[in-house]
Amino acid sequence: MSLVAEAFVSQIAAAEPWPENATLYQQLKGEQILLSDNAASLAVQAFLQMCNLPIKVVCRANAEYMSPSGKVPFIHVGNQVVSELGPIVQFVKAKGHSLSDGLDEVQKAEMKAYMELVNNMLLTAELYLQWCDEATVGEVLEDVDQCCQALSQRLGTQPYFFNKQPTELDALVFGHLYTILTTQLTNDELSEKVKNYSNLLAFCRRIEQHYFEDRGKGSSSIRSS
Amino acid sequence: MAAPLELSCWGGGWGLPSVHSESLVVMAYAKFSGAPLKVSVVDNTWRGSRGDVPILTTEDNIVSQPAKILNFLRKQKYNADYELSAKQGADTLAYIALLEEKLLPAVLHTFWVESDNYFTVTKPWFASRIPFPLSLILPGRMSKGALNRIILTRGEPPLYHLREVEAQIYRDAKECLNLLSNRLGTSQFFFGDSPSTLDAYVFGFLAPLYKVRFPKVQLQEHLKQLSNLCRFCDDILNSYFRLSVGGISPAGQEMVDANLQKLTQLVNKESNLIEKMDDNLRQSPQLPPRKLPTLKLTPAEEESNSLQRLSP
């Protein structure tokens, strides 16, 4: 979005409260949706759940073409359409909801840095694996391992990356890791890398249970002991 | 560690040991970790492949790309990060990702894509260090490489007007600079009292942007407003890369003169006597500096002269 358009959208966004019928559009599950797009969609869903903003997920084969920027996922809120996690976080902030307001400047810088790390390494890995670029698989797996190690160290024994409250970083990490762990690929090596880090697994399970199963999406919520 | 380590990299200017970010990252890391590097500057007699510079050569190894070179140095026990905690190590990785995704595209654009900058500064500088006829081809190739790198990190080119991409990358770069400034605060380095890998990367990316004189300077202007980042670069330059007298570039010399001028003014404010001496010197430039009048005069004249001295 150009600078002017973004400012305009922010102003309009601020005017109206979050409607009940907000919708998220993504491609069809199963065969159509790409690994990276699935991760992006999950990240947005997790983020909105964390903000306590209701969202209905709709799968459409032509979601990409419906999106004005060509990017998925996108959300349709009131009469506005916003795509990708970054702009959606801004849009939601303009409506008065934020997960990172409590962070100081240094923490905000850290959060943005870790989000870039995830985008850089995990997204790249997903893209490579989708297109099965065999030549670079070794390097990609190494990058993923390095990224997971960094995330695992940063998370430590905390429930979320910035201790007690989740932020958009938690949403983004969840989107990517959960996708990697649950998507059936010919090559298991990627998910094996993530599984090496028990605190990351626990993190994913925690968010899944708290923000997805508990909200009535699943039939029953299974609490881990 | 007995084997000589030779680093081939692009040369310096504008007070910098190198104008090339990646070369600078490696040079800084070597200084921080104490790695004894023999630096050989790429000029037009150099015979190697220029596309891969900086390149580290040892007896049995040739390593390119800053990340790989730093890894190699660490394995040779030249480690600038051994005092970092696991979390700080993780932070390093994250901040480097931030630099590469949010700052680098705009830096590349400033050097290689922005026409005024490229044609008046970057291209001539690199071309003069590349032998003919490669000097006609290589800078253009480096410029295209930079443009491709920018577009790659920004996504789908056909959907965007180049100008929109440009606006976005400069916006991201300014935000990244702000974040770095916030993170650094008043500390000398990013982690504690001694410099580490992250400091090398930040210095490498920032210093050329800070020092090289360009016609189109929007990102540079933004950086100059973040005084702690400028101080960070200057501190590293002064502590680790102090150039010999012969090695001061014209820009460096100007700065030295300006500083000297400021210092002179300060001293003048404090002491009327020195001001008077200056006055005397200016009025009679041919004569050697006069000794203080009081030394040679008779007591009566001495009194009237000291009265003279007290007047402003």
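Per chain, the residues get numbers from 1 upward, laid out in the order the sequence is written. Numbering of ligands from 1 and lettering of chains from A proceed in the order in which they are written. Local features are withheld for residues below a pLDDT of 70 in this predicted model, meaning they are given only at 70 or higher, and side-chain atom pairs are given and counted only at 80 or more; totals for whole chains, interfaces and linings count all residues. Note that the side-chain values use all heavy atoms of the structure and ignore hydrogens as well as water.

In the nomenclature of an unreviewed UniProt entry, chain B is known as Metaxin of Vulpes vulpes. UniProt positions are given in the numbering used here, feature names are shortened, and annotations may be inferred rather than shown by experiment. In UniProt, chain B has this text filed under Sequence similarities (unreviewed entry): "Belongs to the metaxin family." Its UniProt record gives chain B a comment under Subcellular location (unreviewed entry), which states: "Mitochondrion outer membrane".

Under the annotation held in an unreviewed UniProt entry, chain A carries the name Metaxin-2 isoform X2 and is attributed to Vulpes vulpes.

In terms of backbone geometry, most residues other than glycine have negative phi values and most peptide bonds are trans. At the junction of Val72 of chain A and Pro73 of chain A, the peptide bond is cis and its omega measures out at 0 degrees in the coordinates. Numbered from the N terminus, helices here are DSSP runs of H or I no shorter than four residues, and strands are runs of E no shorter than two. Here Pro73 of chain A shows up in the loop between helix H3 (63-66) and strand E3 (74-77). Note that the residue after Phe132 of chain B, namely Pro133 of chain B, is joined by a cis bond; omega there is -5 degrees. For Pro133 of chain B, the location among the structural elements is in the loop between helix H4 (115-127) and helix H5 (134-154). With a phi close to 75 degrees, Glu84 of chain A is a non-glycine residue in the positive phi region. You can see Glu84 of chain A is positioned in the loop between strand E4 (80-83) and helix H4 (85-94). Buried residues are those whose accessible area, probed at 1.4 Å on protein chains only, stays under 20% of the maximum for their type, while exposed residues exceed 50% and partly exposed ones sit between those limits. Judged by relative accessible area, which is 32%, Glu84 of chain A ranks as partly exposed. Even without being glycine, Trp14 of chain B reaches a positive phi, approximately 55 degrees. Tracing the backbone shows Trp14 of chain B in the loop between strand E1 (5-9) and helix H1 (21-33).

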